[in-house]
Amino acid sequence: MRFNIDDLPVLFPYPRIYPGQLGMQRLKCDPDANLSSQNNMRIYMCDLKKTLDEGGHCVLEMPSGTGKTVSLLSLIVAYQQYYPEHRKLIYCSRTMSEIEKALAELKALMKYREEQLGHKEDFRGLGLTSRKNLCLHPSVKREKSGAVVDARCRSLTAGFVKEKKERGEDVPVCIYHDNLDLLEPHNLVPNGVWTLDGIMRYGEEHKQCPYFTSRRMMSFCNVIIYSYHYLLDPKIAERVSKELSNDCIVVFDEAHNIDNVCIESLSTDITEDSLRKATRGAQNLENKILEMRDSDADKLKNEYAKLVEGLRDADEAREEDAFMSNPALPDDLLKEAVPGNIRRAEHFVAFLKRFVEYLKTRMKVRQVISETPPSFLAHLKEYTFIEKKPLRFCAERLTSLVRTLELTNIEDYQPLQEVATFATLVATYEKGFLLILEPYESDTAEVPNPVLHFTCLDAAIAIKPVFDRFSSVIITSGTISPLEMYPKMLGFETVVQESYSMTLARRSFLPMIVTRGSDQVAISSGFQVRNEPSVVRNYGNLLTEFSKLTPDGMVVFFPSYLYMESIISMWQGMGILDEVWKYKLILVETPDAQETSLALETYRTACCNGRGAILLCVARGKVSEGIDFDHQYGRTVLCIGVPFQYTESRILKARLEFLRETYRIRENDFLSFDAMRHAAQCLGRVLRGKDDYGIMVLADRRFLKKRSQLPKWINQALLDSEINLSTDMAVGSAKKFLRGMAQPFKASDQEGISTWSIADLERFKEKQEDETIRALTEAQRNGADTGDVQMENTRNGNEAAVARDDEYGFNDDELEAGMMELDNK
Amino acid sequence: MYRNAPKSVSDPSSNPLDDICPVCKSNRYLNPSLQFLINPECYHKMCSTCVDRIFTSGPSSCPVPHCGRTLRKKGFRKAFFTDLHVEREVDIRKRVSEVFNRRQDEFETLLDWNNYLEEVESLVFDLVEGSAAEKTRAEERLREYRDAYREEIEGNKRVGKEEVEGERRRERAEKEGARARRLAMAREVEEEKADVEKGKRDLLERLANSDGNANAITRQAQKVILKKSSARRNITEEVLASNGSANSGLTIRGLKKKVAPVEEKPYDPFGGVNITPARFTVQESYDNEWLGNAKKDTRHMAGGYSLQEYYARTMFEAFSGLGVFIEEEVADRGQKGDPSIGTAAAAEASGGKINIGHKMEIDDVF
Ligand code: SF4
Ligand SMILES: [Zn+2]
Ligand SMILES: [Zn+2]
């Protein structure tokens, strides 16, 4: 289907469009429009275009499974092709499977465009993922750890290896890599969209490395699809994304966790084990230096001379085979010559050793220490005479040394690299970072297992270069509410900030908040009551009831592994599991990835056969983030308890304090926001498309108050009559809902309501234009702007929720106290 | 008591040899309170019992085979590092750094400074692992340098100490501030809770005593509470903001430190602030008819009255206040908190020294 947004012709690869995708102006000031706000039409594509036109950043929320990716791609590709600037698109997603999905969508879109336009456009789209996923080298690709694959690949492809080879020495190389040098550097693959699978096949056929093909073609692409890290993690971004121009359009999809990715990219952990290995690495380096001094002293002298001059090869940092790149952000690098006291190779190794020994001594302390980088540096200086500046150059100096020594078994130096990363970071950043030494794994542990966390507290630091550099950054996800939290935490301004609702011809999902069991006892995973037998039994009954009525698959989320374990063992004692067992197979997620994937596989098999299964998993585990339970794989999702973070974690405490002091985000606000975004993620797992349907149960008394923090599309579908249910009431509603779903539903029923053909679109556009004119005059008159209206709405919503709470005569503390008393009797 | 024993053994970092006294072969496994000491004369390790036993009656030779150096009990101390080579190296560094304590700002160029650093580093290296000849040469240099630059060394030492002191003070102030703000916050949350409580009680009372519409009363009461809490929030936010900007003056780092005061300079009552007027220069004399007489009038001059003073004061008054822009200063009191304050506060919070007083909606995993 083909239509125009303003003057921009957009080709959409499906014959129908959901109103939400086109996204229409909110019909304000019109009483009728407010009535029809059931199919509340919003601006997605229009908003996107606005963002691109104006140049600025935006946060958009749109339910997943409604073609978010395809609308995004079709608009941006249209934009690219129509306007002469041909702005490049950088599309970042989280997992490899999401990257692959997006590439497939892009491929379909380009095919459609070709059919419609009648000619093939000059277009190249590529995806990039780690070497581990793309490697073709017969022995390297079999390594299990990504870091080892990287290291081994570097040993085969480093610049000096090639030099040695040319000198006629017998060194192992990778033929896949060397073949690339025979091709034209700007034309390693033909035009077109290459999925990861596709490029692997092409690589195998032409004996060329898919990883390096993609990487080197990055600057000759129209669309790049890769993971967040390539843009956010300075260790990778410096190498991969440096050449991208500033007018690129950057999209972060599934970005509800982006703050954590930012934080992780600047944090490191040091353990005793890594220190021991680092000492060994330093020892090896020392031996190598001695060897080289005997055999090839010139190389060391050359390096030394270069360092004295402060010369740095302009492209050294970008070199694709460099041992490691600087872990600090480009803006924070000191651009001067390496300090004199670490210029000589042997001086530097002694320096490293001293630093490692110091860390070892610090690790011996058996109490928790939390200190700021300046105080760490002061102590370090006092005891080892290590100054801040050479420390800051640690990563760079180590890279240079490794290159000079022409080391081949790079993977042995990994721990040393970690220490150097830590050194550079701690000496570079003093604000927004913290060192926390935890000698024991938990409060009850007796055997020490010390970890030194260098943790970033401020998500804005890592993402700042991205916002500064690129003119349009789009942050989008299915669940990214409340929207205003993200600009606050990440420190940027938005042009557009919108949440879109879903318009459906029938109610295809049923969200409910269950607050009490059939016996009217309130249920909650709150600390005081979570182990009360009455609460556990009520949760158990809820599970039993829903396992009876749910067809096929059912997914249950718990706030944490510990709680899940304890509640499962209690259920076992109460005979609840035996009851559930009659209706469904029970499978459990564990922290072990392999076990979990086995459980998942069994679950899927069971869902396709017979009575289906129940998967018990954790709201912050792997399952809740990346795995879809579409159609029969998930008909009910049950969220037991509000998935709050473990607040006794010192790192979290530090971050909360930092957020409060720096961004004025209150502890409770953040914790509740974080819990709700995870809850929403869990709920979103079951609804992956327009023809999908499912039941979403939030089972905790405390969800009542947090309702307004749910994404708009869920909140809107949550009827007032279904927010304070007891188990039996919920069962009733669910049965009714499922009966409704069982009725035949023709695709044509959707038409005009939740999908639009061209004619509908035209009609709407006319109306919209009238509206715009009216709205404009209106706006001139009273100067009201959208933001105010929105604020007003949420405020009203909050008040309403609170008021409602009281109508039911709920009072947390009283209730809790009452419950305690009951049990004491 | 018993807890300690298995801990140190299962401690993965401990090499079993590290736990045995080389002199009396006592084992830390059997005697968890065993402590090892070293003497910087020879860096041989032995347990405190051995030290007491051998050296209490006066200096004696080191019991480690082939050492034989004379040691005194006074010289023994606990080692900071497990690796005694590093311990020795650091001791040597300490000695060197007391002499070679130049600062970067004393050098013309970065290259000079770096060359100096390398030279010192090489000297340390000679002392640590050089041959006997190298060692003596290095010691010689050290002595020469100390004698040659005694004064400068002293001066730099003083500056260094001041720097460390300043840093400490700043850190303490930051910590103090963070703690104060935390307390204020906790208090506020308490108050808010009390208010809500009170509101609820009022509501119940009113519901009991009046026969108006129950819903209306409830709603009204809610509104009152909301209003109160938002007002309170505004106040604390102001407090926080003001605290933030007041403290940020302390966090300036990397300022070029002033050189230690040189004796010859006279005392400067303005603490280095330049008070020569920037916008005008006072002339020798001004042609002004009504001052013409005063210039010549001996009655004025006799008392020591100086026209220059008069000129200077008049000009100062005329120009004072120019170049002060209040808007800019107000705008500078930024909205956002200073991240360094947040960092200090975070250190406080995660250190486990303060527990969070108010009950949050905490969910712990159990
Ligand atoms: S160059 Fe490519 S194929 Fe060869 S080892 Fe590296 S990643 Fe594997
Ligand atoms: Zn002994
Ligand atoms: Zn000795």
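As shown above, the structure is provided for reference.
All of these numbers come straight from a predicted model, not from anything done at the bench.

**Thoughts on helix H17 (residues 345–363) of chain A**
Turning to step 1, where the next piece is worked out: Over its 19 residues, H17(A) extends 27 Å from the first C-alpha to the last, a length consistent with the 27 Å expected when each residue adds 1.5 Å.
Turning to step 2, where the next piece is worked out: Of all 19 residues making up H17(A), 16 are buried, and the element is well covered by its neighbours.

**Re the sheet that holds strand S10 (residues 369–371) of chain A**
Residues and elements named next belong to chain A.
Turning to step 1, where the next piece is worked out: What the four strands build is an open sheet, ordered S9-S12-S11-S10; its pairing is antiparallel. The open sheet has two edge strands with one neighbour each: strand S9 (268–271) and S10. Recorded for the sheet is a direction-independent mean angle of 15 degrees between the axes of neighbouring strands.

**Concerning the sheet that holds strand S21 (residues 725–726) of chain A**
All names here are of chain A.
Turning to step 1, where the next piece is worked out: Here seven strands make up an open sheet; going across it, the order is S17-S18-S16-S19-S20-S15-S21 and the pairing parallel. What marks the edges here is a single partner per strand, and that holds for strand S17 (585–588) and S21.
Turning to step 2, where the next piece is worked out: Alignment of strand S16 (residues 554–558) against strand S18 (residues 613–618), held across five bridges, turns out to be parallel. Counted as the bridge partner of phenylalanine 558 is valine 618 from S18.
Turning to step 3, where the next piece is worked out: Sitting on the sheet, helix H25 (residues 561–574) is in contact with S16, S17, S18 and strand S19 (636–640), with an inclination near 140 degrees to S18.
Turning to step 4, where the next piece is worked out: The strands that helix H33 (residues 727–741) touches are strand S15 (509–516), strand S20 (694–699) and S21; relative to S15, the one it contacts most, it runs at about 170 degrees.

**Overview of the coordination of the zinc ion (ligand 3)**
Turning to step 1, where the next piece is worked out: Surrounding the zinc ion (ligand 3) are the protein donor atoms Cys42(B) (SG), His44(B) (ND1), Cys62(B) (SG) and Cys67(B) (SG), which sit 1.8 to 2.4 Å from the metal.
Turning to step 2, where the next piece is worked out: Considering all four donor atoms around the zinc ion (ligand 3), the spread of angles at the metal, 100 to 116 degrees, places the coordination shape in the tetrahedral class.

**Brief notes about the site of ligand 1**
All names here are of chain A.
Turning to step 1, where the next piece is worked out: Taken together, the residues surrounding ligand 1 are Cys135, Leu136, His137, Cys153, Thr157, Cys174, Tyr176, His177, Cys209 and Phe212.
Turning to step 2, where the next piece is worked out: Of all the elements in the fold, those that place two or more residues in the shell around ligand 1 are helix H7 (146–157) and helix H9 (175–180).
Turning to step 3, where the next piece is worked out: Tallied by class, the residues present in the shell around ligand 1 amount to seven nonpolar, three polar and no charged.

**What about the coordination of the zinc ion (ligand 2)?**
All names here are of chain B.
Turning to step 1, where the next piece is worked out: The zinc ion (ligand 2) binds to the protein through Cys21 (SG), Cys24 (SG), Cys47 (SG) and Cys50 (SG); the donor distances cover 2.2 to 2.3 Å.
Turning to step 2, where the next piece is worked out: All donors of the zinc ion (ligand 2) belong to a single chain; written as a sequence motif, their spacing is C-x2-C-x22-C-x2-C. Here cysteine 50 lies in helix H2 (residues 48–55) and cysteine 21 lies in the loop between helix H1 (4–10) and strand S1 (36–38), a separation of 29 residues in the sequence.
Turning to step 3, where the next piece is worked out: Classification of cysteine 21 by relative accessible area gives buried; the value is 0%.

**What about the packing of helix H15 (residues 272–295) of chain A against helix H21 (residues 414–428) of chain A?**
Residues and elements named next belong to chain A.
Turning to step 1, where the next piece is worked out: In contact at an axis separation of 7 Å, H15 and H21 are set at 105 degrees when each is read in the N-to-C sense. Here H21 runs roughly perpendicular to H15, going by the angle between their axes. From H15, Ser274, Leu275, Lys277, Ala278, Gly281, Ala282 and Leu285 reach across to H21, where they touch Pro415, Leu416, Glu418 and Val419.
Turning to step 2, where the next piece is worked out: Class assignment for the residues of the contact of H15 with H21 results in seven nonpolar, two polar and two charged.

**Overview of the pairing of S15(A)**
Looking along a regular strand, one sees side chains alternate from face to face of the sheet.
Residues and elements named next belong to chain A.
Turning to step 1, where the next piece is worked out: Counting buried positions over the eight residues of S15 gives eight, a clear majority of the element.
Turning to step 2, where the next piece is worked out: Here S15 runs beside S20; their pairing, made up of six bridges, is parallel. Paired with valine 514 across the bridge in S20 is alanine 699.
Turning to step 3, where the next piece is worked out: Where S15 and S21 come together, two bridges link them in parallel fashion. From the neighbouring strand, valine 514 faces S21, where its bridge partner is leucine 725.

**Observations regarding the packing of helix H18 (residues 373–384) of chain A against H21(A)**
Residue and element names in this part refer to chain A.
Turning to step 1, where the next piece is worked out: Two elements in contact, H18 and H21, have axes whose closest approach is 8 Å; the angle formed by their N-to-C orientations is 115 degrees. In terms of axis orientation, H18 runs roughly perpendicular to H21. Together, Pro373, Phe376 and Leu377 of H18 and Phe422, Val426 and Ala427 of H21 make up the contact between the two elements.
Turning to step 2, where the next piece is worked out: Class assignment of the residues belonging to the contact of H18 with H21 gives a composition of six nonpolar, no polar and no charged.

**Regarding unusual backbone geometry**
Residue and element names in this part refer to chain A.
Turning to step 1, where the next piece is worked out: Cis geometry marks the peptide bond from serine 481 to proline 482; its omega dihedral reads -10 degrees.
Turning to step 2, where the next piece is worked out: Relative to the elements of secondary structure, proline 482 occurs in the loop between strand S13 (472–477) and helix H23 (485–490).
Turning to step 3, where the next piece is worked out: The backbone of phenylalanine 385 shows a phi angle near 60 degrees, a positive value even though the residue is not glycine.
Turning to step 4, where the next piece is worked out: With respect to the helices and strands, the residue phenylalanine 385 is situated in the loop between H18 and helix H19 (388–392).
Turning to step 5, where the next piece is worked out: The phi dihedral of arginine 664 is positive, around 60 degrees, even though this residue is not glycine.
Turning to step 6, where the next piece is worked out: Tracing the sequence through the fold places arginine 664 in the loop between helix H29 (650–663) and helix H30 (667–684).

Cut-offs used in this document
Residues numbered from 1 in each chain as written. Chains lettered and ligands numbered in written order. Predicted model: local features only at pLDDT ≥ 70, side-chain atom pairs only at ≥ 80, totals over all residues. Heavy atoms only, no water. Helix = DSSP H or I, 4+ residues; strand = E, 2+ residues; numbered from the N terminus. Expected span 1.5 Å × (residues − 1). Buried < 20%, exposed > 50% of the residue type's maximum accessible area, 1.4 Å probe, protein only. Pairing = 2+ DSSP bridges. Axes fitted to C-alpha atoms, helices over the stretch in contact; angles between N-to-C directions. Contact = heavy atoms within 4.5 Å. Donors = N, O, S within 2.8 Å, 3.2 Å for Na, K, Ca; no water. Tetrahedral: all angles 85-135°; square planar, octahedral: opposite > 155°, others 65-115°. Near = heavy atom within 4 Å. Nonpolar A, V, L, I, M, F, W, Y, C, P; charged D, E, K, R; others polar. Parallel < 35°, antiparallel > 145°, perpendicular 65-115°, else oblique.

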